[in-house]
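Observations on chain architecture
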Amino acid sequence: MGASTHQAGAHGSQEQAERLATAVSVLALLADGTRLALLERLGRGEADVGTLTEACGAARPSVSQHLAKLRLAGLVTSRKEGRRVVYRLRHGHLRRLVEEALNVADHQIGALPPHD
């Protein structure tokens, strides 16, 4: 194997390792019921803290903390609208990831047959 081929392979594996580490971080954030509920609700459109608190059933301070974590991780964005702060998902990939996770749960709970 030539030097340039070896370097390209090492670079590719380094990129893959970074990609996997980032995916693990995203999935770890999704592994919390409150955050998953928040992301599921935001997948249906932007919402303020009051709406999100009602949607996930957690206390407002807890919702604010979870939103701060999601914002810090770059999964949600926020903007001021008067006195309210409105949140939304950063991109559709996250919405689809949450939907698919919930679809897997539906299949496991309901013993539904697998499909593509």
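Here goes a summary of the coordinates provided. A quick note: this is a predicted structure, and the numbers were derived from the prediction, not measured.

Within the secondary structure, Thr 53 sits in helix H3 (residues 49-56). By relative accessible area, Thr 53 is classed as buried at 15%. When residues no more than four places from it in sequence are discounted, the contact partners of Thr 53 are Ala 58, Ala 59, Arg 60 and Val 63.

This next bit is on the pairing of strand S2 (residues 76-81). Where S2 and strand S3 (residues 84-89) come together, six bridges link them in antiparallel fashion. Of the residues in S3, the one forming a bridge with Arg 79 is Val 86. Counting the residues in the hairpin turn of S2 and S3 gives two residues, including Gly 82, whose phi is positive at 70°.

Where helix H2 (residues 33-42) meets H3, the closest approach of the two axes is 9 Å, and the angle between their N-to-C directions is 120°. Considering their axes alone, H2 and H3 lie oblique with respect to each other. As H2 runs across H3, the sense of the crossing is right-handed. Between H2, through Thr 34, Ala 37, Leu 38, Arg 41 and Leu 42, and H3, the contact on the second element is made entirely by Thr 51, Leu 52, Ala 55 and Cys 56. Across the contact of H2 with H3, the residue classes break down as six nonpolar, two polar and one charged.

For the pair H2 and helix H4 (residues 60-72), interaxial distance at closest approach is 10 Å and the crossing angle is 75°. Here H2 is positioned roughly perpendicular relative to H4, judged by the angle of their axes. For the pair formed by H2 and H4, the contact residues are Thr 34, Arg 35, Leu 38, Leu 39 and Leu 42 on the first element and Val 63, His 66, Leu 67, Lys 69 and Leu 70 on the second. Here the residues of the contact of H2 with H4 are counted per class, giving six nonpolar, two polar and two charged.

Rules behind the numbers
- Residues numbered from 1 in each chain as written.
- Predicted model: local features only at pLDDT ≥ 70, side-chain atom pairs only at ≥ 80, totals over all residues.
- Heavy atoms only, no water.
- Helix = DSSP H or I, 4+ residues; strand = E, 2+ residues; numbered from the N terminus.
- Buried < 20%, exposed > 50% of the residue type's maximum accessible area, 1.4 Å probe, protein only.
- Contact = heavy atoms within 4.5 Å.
- Pairing = 2+ DSSP bridges.
- Axes fitted to C-alpha atoms, helices over the stretch in contact; angles between N-to-C directions.
- Parallel < 35°, antiparallel > 145°, perpendicular 65-115°, else oblique.
- Left-handed = near helix turned anticlockwise from the far one by under 90°.
- Nonpolar A, V, L, I, M, F, W, Y, C, P; charged D, E, K, R; others polar.

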